[in-house]
Structure formats: C-alpha cells, structure tokens
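Residue-level listing of the chains:
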Amino acid sequence: MNKTLLGYIPEESIIYQIHPFVKLYFLLVVSLFPLFITAPEWNALILVVTLGLMAASRVNMSTLKIYVPVAISMGTIIFLSYTIFGGTQPEYYVLFRIFGFPFYWERIRDAIVIYFRVLPMIATMVFFLSTSRERDVIVAMRSIRIPFVVTYVFAMALRSAGMVLEDFHIVRQAEQARGFDTKGKSLTYKLRKYIMYMIPLFALSLRRSEEFTNALVARGYAFTGEASKVKRADYILSSYTFHVYDAVLVGIISLIFISIIVLRYFFGAFGIEDSLLTIWFSPI
Amino acid sequence: MTVIELKNYTWRYLDTEKPALSEINLKIKEGEFIGIIGSNGAGKTTLSYSINGLIPGQYHGIKKGEVLVFGQEVEEYDKGALQHRVGMVFSDPEAQFTAMTVEDELVFGLENLGMSLSQIKERLEWVVELTGLGPLLNKPPYELSGGQKQRVAVGAVLAMTPDILIMDEPTSMLDPLSRTRVFNVLEEIKKEQNNTVIVVEHSLEKLVPLADRLMLLDDGELILFDETQAFFEKMPLILEKGINPPGVMQFFYRLHEEGSYHDKFPLTVAEGVEKMHSILRKS
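Predicted, not measured: the structure shown is a model, and the values here were computed from it.

Rules and cut-offs
Residues numbered from 1 in each chain as written. Chains lettered and ligands numbered in written order. Predicted model: local features only at pLDDT ≥ 70, side-chain atom pairs only at ≥ 80, totals over all residues. Pairing = 2+ DSSP bridges. Helix = DSSP H or I, 4+ residues; strand = E, 2+ residues; numbered from the N terminus. Axes fitted to C-alpha atoms, helices over the stretch in contact; angles between N-to-C directions. pLDDT = per-residue confidence, 0-100. Contact = placed C-beta atoms within 7 Å. Nonpolar A, V, L, I, M, F, W, Y, C, P; charged D, E, K, R; others polar. Expected span 1.5 Å × (residues − 1). Buried ≥ 20, exposed ≤ 12 C-beta atoms within 10 Å, placed from the backbone. Parallel < 35°, antiparallel > 145°, perpendicular 65-115°, else oblique. Left-handed = near helix turned anticlockwise from the far one by under 90°.

**Q** Which residues make up the sheet that holds strand β10 (residues 221–227) of chain B, and what are the values?
**A** Residues and elements named next belong to chain B. With mixed pairing, the six strands of this open sheet are ordered in space as β6-β7-β8-β3-β9-β10. Unpaired on one side and paired on the other, β6 (86–89) and β10 mark the two borders of the sheet. With strand direction ignored, the average angle separating the axes of adjacent strands in the sheet is 15°. Sheet topology note: the strand β7 (residues 164–168)/strand β8 (residues 196–200) ladder contains five bridges and is parallel. The residue of β8 that forms the bridge with M167 is V199.

Okay, here's the thing in structure tokens:
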C-alpha cells in the first residue's frame with residue numbers, strides 16, 4: 001500500500017501508471033466543468049464518473065462515508081440559504097409554505113443546481129487527494145516548469161500542515177499530563193483556554209523554522225548568491241515518464257472541456273430550461 | 001594537511017552574557033576522526049555550527065578570533081560554498097528533512113551541487129548501498145523509525161561527499177540497535193573514505209574505538225584535546241567533568257587506582273578481554 005494525501009492505495013493500482021501531471025490537470029480542468037453546466041443530471045453524471053474513477057483506482061470507497069455528513073450539512077446550508085433566508089420574491093412560484101415561510105420553486109431549483117455543482121467539484125478534489133502523494137503534486141508542478149522555489153515552498157507547506165498537527169498532539173498530551181485538560185468542559189471554556197495550546201505551538205513552529213533553515217543552509221541551498229544560480233538536475237522528474245496515453249488523456253479532458261463550452265454557449269446545452277429537473281418537476 | 005584551524009576563537013550569542021565558546025585554539029588534519037565530548041551547554045553544538053558556517057551566518061552574536069576551513073575564514077566563503085565542503089548532520093533527524101521521500105532527501109544536496117542526472121544516480125546508488133536504505137527509498141522520511149531517519153539524515157549528507165563531515169549527537173534519540181547501525185555506517189566511512197569526520201557524542205562506547213582524537217569541552221572552554229589513548233590518561237579530569245568513559249575503561253581505571261594495573265587503558269571490550277587474559281596468565 002502506498003500512502004496518499006488522503007489515505008492508502010494498493011501499489012498495483014492503475015493510477016500509478018498515470019503521470020502526476022494528468023491527475024493535476026484532471027483536478028484543475030474537470031472541477032471547472034460544473035461551472036458551465038446548470039442541468040443537475042449532467043453534474044450528477046460527472047460525480048458518478050469521478051466516483052467510478054476512484055473505484056477503478058482502488059481507492060477504499062468505504063472511506064468516502066466520512067464525506068456524507070459534510071455533503072448533508074452542506075446541502076442543508078445551501079437549501080436554507082436559498083429558501084428560508086432567500087428573501088421574498090413575489091414573481092416566483094410558491095410551491096408550499098411552512099410556518100408562513102414561502103418556499104419558491106425557483107429557489108429550490110437553484111439550490112439543487114448549486115448543490116449538484118459543488119458535489120462533483122468536491123469529488124474531483126477527493127479523487128486527486130486520494131490518489132496523489134505529496135511528491136506527485138511536486139512532480140506535476142515541476143513538469144509544467146513552475147519554478148523550483150515555488151514548488152518547494154508548496155511542498156513544505158504540505159509537510160508543515162502534518163507537522164503542526166503532530167506538534168499540537170504533543171503539546172496537548174504534555175498539558176494533559178500536567179493536569180490541564182479541557183475534555184468535558186464547555187465550549188466557551190475551551191475557546192478561552194485554547195491559548196494554552198497556541199503559545200507553545202507557536203514557539204515550536206518558530207523553532208522548527210530555525211531548524212529547517214539550518215538544514216537548508218547545511219545542505220548547500222541558498223536563495224541568493226552563486227549557489228542559487230546552480231542549474232538543478234531535477235532528479236525527481238527522472239522517475240516519471242510522460243507516456244503517449246498520458247497525452248491522450250490530457251487531450252480527451254481538454255476536448256471534453258472545449259465541447260462543454262461550445263455546446264453551452266453556441267447550442268444552449270446543459271441549461272436549466274431543458275434539464276430533467278425542470279421537465280419532470282417544474283409546476284410552472 | 002590542516003583542514004580546520006581555530007585561532008583564539010570566541011563566540012557569544014547576542015542574548016547571553018557569557019561566551020558559548022571562549023579562546024578556542026585547535027587544528028584538525030585531513031582524514032582525522034575527531035570526537036567531541038562534554039556536558040550539556042559545554043559549547044559542542046556551537047563549535048560544530050562554527051565550523052559549518054551556520055555560525056555566524058544564521059545566528060546573531062559576537063565573534064572574536066578566526067575559524068579557518070581549508071585555510072579560508074568561514075565568513076569569506078560564498079553562500080552555500082562552504083556547505084558543499086563541510087556536511088552537517090543534526091541531532092534531531094526530523095528537523096533536517098527537506099523532501100517528501102527518502103530518495104528525494106538523498107538527492108536534494110546533490111541537486112544543490114549542480115550534478116548531472118547520471119552523476120546523481122551513481123552517487124545515490126553508492127550511498128544507498130552504504131547506508132542500507134534501499135527498501136525505504138519511496139517512503140516519506142518522517143514516517144520512518146528513529147534509527148532509519150538518522151540513517152537517511154547521514155546518507156543525505158554523505159551523498160554530497162563533503163571533505164568534512166560533522167555530526168552533532170547523531171544517536172542521541174536512538175535505541176541501542178539503531179545507534180549501532182549509525183556507528184556501523186561511520187565505521188564504513190572511516191574505512192572507505194578519507195573524509196575528516198567530527199562527531200559530537202555523549203555515548204562513548206561506540207565513539208572511542210573510532211576516534212583518532214578526542215576533544216573535551218567544558219563551559220565553553222577546550223580543556224583537553226589529545227589522541228584517544230593519551231586522552232584517557234587524564235582520567236581523573238575526565239571523571240571530574242562528569243564524562244562517563246566506556247565501562248571497560250572504568251573497570252581498568254578502578255584496578256589502576258587499587259594499584260593492580262599499570263598499563264594503558266583498553267579502548268574496546270575486546271582489548272579489555274585480551275588485557276585481562278594477559279593479567280590472569282601472569283598471575
């Protein structure tokens with residue numbers, strides 16, 4: 001099993017045959033698809049395809065259960081924002097009323113449209129994070145010639161997130177060992193006492209930064225001067241090959257994207273007016 | 001050939017009143033294996049950082065005297081140039097990781113040196129064989145055990161084949177087995193390479209058999225610097241400074257104090273056994 005940013009994937013997974021750039025390209029481009037598609041059924045199709053790709057990549061699908069509460073709460077927030085907190089619209093069609101609040105058909109429809117736009121975006125992100133390691137992200141960025149310093153800072157940001165969490169656990173355990181524990185206390189108490197964790201965490205972060213700078217200097221890395229002008233071999237890229245099928249995949253993703261834009265703006269496809277939601281459920 | 005020379009070197013950190021190192025004078029020759037010992041706060045790490053250029057480069061303080069590496073004052077080196085010749089391994093291996101996989105970690109320094117891909121591959125193969133890190137190449141370094149992490153840290157610096165290798169308490173966070181593995185790597189370096197190696201270490205059992213010379217620092221002062229055998233002839237001073245010599249040496253020192261042993265102190269258990277046999281045969 002190989003550890004990815006969000007879990008583990010078997011080494012035999014087909015996803016390892018694909019160049020990291022293709023995965024990054026998929027994330028960046030496919031997550032834009034829903035912005036050009038209003039009809040929920042098409043966005044639902046993107047969601048299903050993405051989930052299918054996850055299954056094909058041997059992502060442990062049971063781990064997706066953790067996103068169900070997120071999806072439900074997000075859907076609830078969108079629904080409430082568009083309906084109860086959506087304001088009064090006399091020109092809209094009132095579908096029903098609860099405690100005097102009017103629930104408009106157009107508002108509910110818009111909430112569904114937005115919800116089905118967000119879901120595939122999240123799914124593409126989860127797909128990317130579930131199938132990529134930190135190294136893949138760096139390789140993807142460097143393969144499109146993003147400067148070393150930028151990719152390096154990005155890599156360290158990824159790494160520091162884990163380190164801060166680890167340090168937080170250490171600080172919390174150390175404070176618990178000395179009798180300070182917010183377990184079972186009220187939320188306001190926890191918030192007030194949170195500073196007890198933040199101060200040592202901040203001090204630790206400063207120390208980490210110092211150690212990290214020392215490590216970079218000791219390894220001969222410099223941001224300025226002659227050493228910074230050295231031409232780097234970028235060894236990391238030599239372990240990856242951009243195959244013909246990678247180019248084909250990039251081509252297919254690009255072609256679908258262009259097709260969506262053309263169909264949307266020149267042929268009026270993917271609009272809400274012709275969507276199954278309107279055809280089947282519109283009371284107007 | 002002298003590769004490191006300190007002349008009346010004094011360093012005081014900006015926020016302290018007492019110098020961390022005071023009036024240090026020493027010379028280290030090419031290919032020597034030097035052990036630095038001393039209690040906490042003695043100035044061992046400050047001395048290591050001074051030779052590597054981290055002091056005064058990364059720290060604020062007041063410097064007096066000279067620190068010459070290959071005959072040139074450390075402050076006169078271009079940024080990064082000194083570090084290409086003087087490698088440094090820190091006590092906390094995790095603090096020095098700069099990459100996402102062990103393989104990337106090992107090649108990071110080589111990329112900084114401006115090596116070509118083929119040179120990097122060749123150097124990588126060599127260092128992987130030396131440190132036994134082959135099965136770990138694709139793993140994130142921060143997910144390894146303590147001993148493995150330290151081997152990665154040592155390997156990453158060794159790959160750069162620095163002329164001088166400084167290790168600041170490389171085994172302080174390791175269990176005995178991992179400590180042995182790190183010292184096995186050091187033994188290999190001593191056998192195969194002509195690098196000058198400086199190791200700061202509290203545990204003397206493993207260091208003593210490898211060290212050509214030992215240095216004792218106390219409260220920022222260099223109070224003893226001699227060949228390993230000669231160093232332990234000053235046993236009362238060493239014990240007075242809270243240093244814990246290897247058990248076999250302490251045993252023979254006790255015999256010496258009781259008047260039953262008058263020879264040199266053995267540096268290893270094997271030497272001790274041999275000497276014991278010889279004593280028993282004579283008696």
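This is not the end of the story, as more comes after the structure.
**Q** A description of the confidence of the model for chain A should follow, citing residues and the corresponding values.
**A** In the predicted model, chain A carries a mean pLDDT of 87, and 100% of its residues have values of at least 70. Across chain A, helix α10 (residues 244–267) of chain A holds the top mean pLDDT of 96, while strand β1 (residues 2–3) of chain A sits lowest at 74.

**Q** Please provide a residue-by-residue account of the interface of chain B and chain A, values included.
**A** Of the residues lining the interface, 31 residues belong to chain B; the matching set on chain A comes to 29 residues. Looking at the side of chain B that touches chain A, the elements with two or more residues in it are α2 (54–57), α3 (81–85), α4 (102–112) and α5 (117–131) of chain B. Looking at the side of chain B that touches chain A residue by residue, the class counts come to 13 nonpolar, 13 polar and five charged.

**Q** With reference to specific residues and values, describe helix α6 (residues 146–158) of chain B.
**A** The α-helix advances 3.6 residues per turn, and as a result positions three or four apart in sequence lie on the same side. Residue and element names in this part refer to chain B. Compared with the 18 Å implied by 1.5 Å per residue over 13 residues, the 18 Å span of α6 between its first and last C-alpha is a close match. With twelve of 13 residues buried, α6 is to be regarded as a mostly interior element. Listed in full, the buried residues belonging to α6 are G147, Q148, K149, Q150, R151, V152, A153, V154, G155, A156, V157 and L158. Against β6, α4, α5, β7 and α7 (176–192) lie the buried residues of α6.

**Q** Residue-level account of the sheet that holds strand β1 (residues 2–13) of chain B, with values.
**A** All names here are of chain B. Strand order in the open sheet formed by four strands is β2-β1-β4-β5, with antiparallel pairing between adjacent strands. The open sheet has two free edges, formed respectively by β2 (21–29) and β5 (72–73), since each of these has just one partner strand. Sheet topology places β1 next to strand β4 (residues 61–69); eight bridges connect them, and they run antiparallel. Looking at the pairing, W11 lines up with K63 of β4. Along the sheet, helix α1 (residues 44–52) makes contact with β1, β2 and β4, crossing β1 at roughly 120°.

**Q** Go over the packing of helix α1 (residues 20–30) of chain A against helix α4 (residues 105–131) of chain A with me, naming the residues and quoting the values.
**A** Residue and element names in this part refer to chain A. Look at α1 against α4: their axes get within 9 Å of each other, and the N-to-C directions meet at 165°. Compared by their axis directions, α1 and α4 come out roughly antiparallel. Here α1 and α4 pass one another in a crossing that is left-handed. Residue-level contacts link K23, F26, L27 and V30 of α1 to T124, M125, F128 and T131 of α4. For the contact of α1 with α4, the per-class residue count stands at five nonpolar, two polar and one charged.

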